[in-house]
Amino acid sequence: MTATGEIKKSVLVSLWFMFLTFPIMVIRVNTVQDVVEWRWLNMAYIGIGTFFISMLWRYMIRRKEREGKKEKTDNLSFAQKIILDKKIFIPLVALTGLFIIVFPHMFSMYQTNIMISALIYVMLGLGLNIVIGLAGLLDLGYVAFFAVGAYSYALLNLHYGLVFWLALPLGGFLALIFGVILGYPVLRLRGDYLAIVTLGFGEIIRLVLENWNEFSFGPSGIPNIPKPPLFGVDLSLSGSIIYLYYIIVGLVIFTIFVINRLENSRIGRAWIALKDDEIACQAMGIDKARTKLRAFGLGAMWAGMAGVIFAAKTTFINPASFTIWESVIILCTVVLGGMGSITGVISGALLLILLPEYLRAFSEFRMIIFGAVLVLMMVFRPGGIINNVRKTYKFQKT
Amino acid sequence: MKPILEVKNMTMAFGGLKAIDSLDISIHQGEIAALIGPNGAGKTTFFNCITGIYKPTSGDIFICPHEKQERLNGLKPNIVTKKGLARTFQNIRLFSSMTVLENVMIGCHSITKAGVLGAIFKNAATKAEENFIVEKAYSILEKIGIEMYVDELATNLPYGAQRRLEIARAMATDPFLLLLDEPAAGMNPMETKSLDDLIIKLRDEENVSILLIEHDMKLVMSLSDNIHVVDYGKKIAEGTPEQIKSNPDVIKAYLGDESEDA
Ligand SMILES: Nc1ncnc2c1ncn2[C@@H]1O[C@H](COP(=O)(O)OP(=O)(O)O)[C@@H](O)[C@H]1O
Ligand SMILES: [Mg+2]
């Protein structure tokens with residue numbers, strides 16, 4: 001297209017935006033003096049701003065198209081090349097490991113707390129990644145299982161004094177049971193239908209927690225949930241936060257290990273095959289319902305364990321922590337990071353949780369930045385930060 | 001001896017349309033049988049019915065791999081596969097994000113059993129099973145003659161090799177009866193010839209019986225022991241290639257079809 005054509009297009013876009021934003025950006029009723037202010041300068045800003053953004057936008061789209069054409073030959077992403085290169089990868093892991101170990105001693109308690117939250121989301125993201133990334137089931141009610149885990153610990157501790165280390169597996173197990181019970185009737189649905197139904201289930205669980213006062217103490221929630229004690233010793237506040245930090249780090253490592261093993265197993269292959277082609281998969285003797293339920297249940301189990309940690313971290317839970325917004329964030333971490341890729345999901349979760357924390361200064365614009373980042377990602381890197389090219393099995397002759 | 005597959009009076013109706021209409025077909029041990037008929041005659045639908053993808057409106061499906069006869073009606077596709085009926089698809093349905101070897105490894109799913117715990121702990125039994133799967137998958141690739149593509153993504157294979165991979169994948173389920181839906185479609189004459197040899201080899205060396213749907217008459221006539229001809233869901237003829245060649249009903253059905261196509 002010619003340069004004048006480009007300019008004409010951008011002018012039209014900016015005119016359209018000026019028109020759209022006119023009522024909110026230009027007109028202001030000054031209620032004190034009872035006059036209408038006309039802020040024409042704002043309109044000029046918007047016009048010029050959109051003009052350049054729309055030029056940039058189209059330039060980037062075109063560049064992306066050109067890249068897409070020549071990328072075919074080399075289908076490993078930059079990040080994957082690093083992972084495959086042992087010389088870079090091992091020192092990188094060692095360095096990251098060292099950083100993770102010293103983190104709570106180097107930074108403030110506040111930072112450590114934020115990091116714990118972020119790592120909880122890493123765990124949630126990795127769990128949801130089993131469901132979405134590996135098995136291809138779009139679950140929008142994932143936060144329900146997070147809630148099941150958190151309430152399991154809170155309630156069992158309140159009524160029976162259950163300790164953290166028992167609550168952790170039990171919370172996971174209860175979430176797994178919930179996952180299987182909820183999953184069973186809905187797994188014959190596909191794609192968007194499954195998404196809508198799971199979304200409904202997520203809301204139902206939250207509404208039950210909100211309204212069943214005798215059981216869950218309703219919106220006022222459950223306070224005084226104990227942090228995990230170290231060998232029966234009650235730690236100081238900072239000590240217990242550091243301890244919890246190491247617990248969640250350990251759990252994240254455990255999660256990575258398990259998912260890695262699952263991915264390269266008979267079960268993992270069945271998930272991937274199921275995502276590729278359901279009918280062929282069944283014709284190969286794979287039980288569709290059972291394979292899906294496994295993914296759903298295992299995903300739920302991880303959410304449940306993350307829930308227990310969450311309850312221990314905040315020491316107070318109420319239904320407001322388990323809204324659909326939470327499900328959306330977890331989903332975003334998976335999609336943004338790169339579906340099916342462990343490193344992708346981890347970077348996605350860290351980015352999505354840490355970024356808003358450090359953007360608090362711009363808190364008014366947080367949501368706008370957040371949304372803009374997501375939209376830009378979807379357009380320019382639809383495969384996520386780490387575009388997952390699955391590590392396939394390489395045959396070695398014996 | 002009882003037929004290994006016996007379909008009795010089967011009907012499959014989609015609304016008002018009877019895609020299969022009171023069809024009887026029997027396949028015997030060690031046989032290469034062909035199911036032919038014009039486009040839309042209901043051949044693929046027949047496969048879908050016996051493999052459990054569709055539930056036939058009425059009729060019975062029996063298998064008799066050993067002494068005992070079993071009824072297949074209403075079983076899920078994965079159970080049917082487990083019982084020893086494997087199939088390929090007319091419109092190739094490979095697992096596109098997996099390699100050739102992995103595709104065949106999936107075929108071993110029904111004869112292996114490692115679960116979630118096995119996957120996580122990777123104990124000796126699981127490791128042995130994984131090795132078994134890999135070895136078996138590779139040896140099948142060798143038999144089918146596509147082992148040179150072992151680590152390629154399935155989608156990157158030439159068309160003829162994809163069709164062969166479908167057969168390899170089906171063979172991994174250890175079937176007693178192999179159902180091939182237009183295995184030669186889109187192949188050049190040379191590929192078709194080697195497919196001919198492959199099918200005979202599978203029957204002789206792997207001890208599977210074969211039922212194939214095919215439009216390539218040369219292939220059908222040279223391969224088949226027995227041919228079943230369907231048109232509009234009804235069986236119009238059955239017999240050896242010689243009998244079928246000279247059957248007036250078959251000639252009519254085919255000529256009619258061809259004049260429509262042209
Ligand atoms: N799922 C379905 N729903 C409705 N009609 C179908 C379905 N599957 C097949 N048919 C119809 O059944 C008839 C037979 O189709 P098919 O078995 O694919 O023929 P072919 O002999 O060419 O393999 C066709 O008229 C087709 O439109
Ligand atoms: Mg067909």
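What counts, and at which threshold
Per chain, residue numbering runs from 1 following the sequence as it is written. Written order decides the labels, with chains lettered from A and ligands numbered from 1. Under the rules for a predicted model, residues below a pLDDT of 70 receive no local features and side-chain atom pairs below 80 are neither given nor counted, while totals for whole chains, interfaces and linings still include all residues. The side-chain values count all of the structure's non-hydrogen atoms but skip hydrogen atoms and water molecules. Segmentation into domains, and thus their bounds, comes from an automatic or database assignment. The criterion used for residue contact is that any of the two residues' heavy atoms lie within 4.5 Å. Buried area is a sum: the accessible area each of two parts loses on coming together, probed at 1.4 Å, counted once for each and added. For salt bridges, the criterion is a side-chain nitrogen of Lys or Arg within 4 Å of an Asp or Glu carboxyl oxygen. Each polar contact in these results corresponds to two N or O atoms within 3.5 Å; when the atoms are within protein, one needs to be able to donate a hydrogen and the other to accept it, and residues that are neighboring in sequence are counted only if both atoms are side-chain atoms. Think of it this way: any DSSP run of H or I at least four residues long counts as a helix, any run of E at least two long counts as a strand, and we number them from the N terminus. Gly is put with the polar residues, along with every residue not named as nonpolar or charged; the nonpolar set is Ala, Val, Leu, Ile, Met, Phe, Trp, Tyr, Cys and Pro, and the charged set is Asp, Glu, Lys and Arg. Whether two strands pair comes down to DSSP finding at least two bridges between them. In this analysis an axis means a line fitted to C-alpha atoms, helices contributing only their contacting stretch, and an angle means the value between N-to-C directions, from 0 to 180 degrees. Whether a residue is near a molecule or strand depends on its heavy atoms: it is near if one of them lies within 4 Å of it.

Novice: Any chance you could explain the domain arrangement of chain A here in plain terms?
Specialist: Accessible area lost on assembly of the parts is the figure often given for the size of an interface. Segmenting chain A into domains produces domain 1 (3–74) and domain 2 (107–380). For domain 1 of chain A and domain 2 of chain A, the distance between their C-alpha centroids amounts to 38 Å.

Novice: Would you take a moment to explain the interface of chain A and chain B for this structure?
Specialist: If you look at the interface, chain A gives 32 residues, while chain B gives 42 residues. When chain A packs against chain B, the two sides together hide about 3,400 Å² of surface, and 61% of this comes from carbon and sulfur. Applying the counting criterion to the chain A and chain B interface returns three salt bridges. Taking the shortest distance from any N to any O, the salt bridge between B:Arg93 and A:Asp277 comes out at 2.7 Å. For the pair chain A and chain B, the number of links is nine residue pairs in polar contact (both at pLDDT 80 or more). Elements supplying a minimum of two residues to the side of chain A that touches chain B: α10 (237–263), α11 (266–276), α12 (278–283) and α13 (288–314) of chain A. Examining the composition of the side of chain A that touches chain B, we find that seven residues originate from one element, α11(A), more than from any other. Its residues assigned to classes, the side of chain A that touches chain B comprises 16 nonpolar, six polar and 10 charged.

Novice: When you look at the sheet that holds strand β10 (residues 234–239) of chain B in this model, what are you seeing that I'm missing?
Specialist: Picture the strands of a sheet paired through backbone hydrogen bonds; they go either parallel or antiparallel. Residue and element names in this part refer to chain B. Taking strand neighbours across the sheet as the criterion, the six strands line up as β6-β7-β8-β3-β9-β10 in an open arrangement whose pairing is mixed. The open sheet has two edge strands, β6 (85–87) and β10, and neither has a second partner. Each neighbouring strand pair of the sheet contributes to a mean axis angle of 20°, computed without reference to strand direction. Direction of pairing for strand β3 (residues 32–36) relative to strand β9 (residues 226–231): parallel, over a ladder of four bridges. Bridging across to β9, Leu35 finds its partner in His228. Contacts from helix α7 (residues 189–206) reach β3, β7 (177–181) and β8 (209–213) within the one sheet, and its direction differs from that of β8 by about 155°.

Novice: Could you clarify how one ought to interpret the site of ligand 1 in this entry?
Specialist: Residues and elements named next belong to chain B. Ligand 1 sits among Phe14, Leu17, Ala19, Asn39, Gly40, Ala41, Gly42, Lys43, Thr44, Thr45 and Tyr54. A distance of 2.8 Å is found between an oxygen atom of ligand 1 and a backbone nitrogen or oxygen belonging to Gly40. Within the residue set of the shell around ligand 1, elements represented by two or more residues are β2 (17–27) and α1 (43–50). Among the elements that make up the shell around ligand 1, the one with the highest residue count is α1 (three residues). The class makeup of the residues in the shell around ligand 1 is five nonpolar, five polar and one charged.

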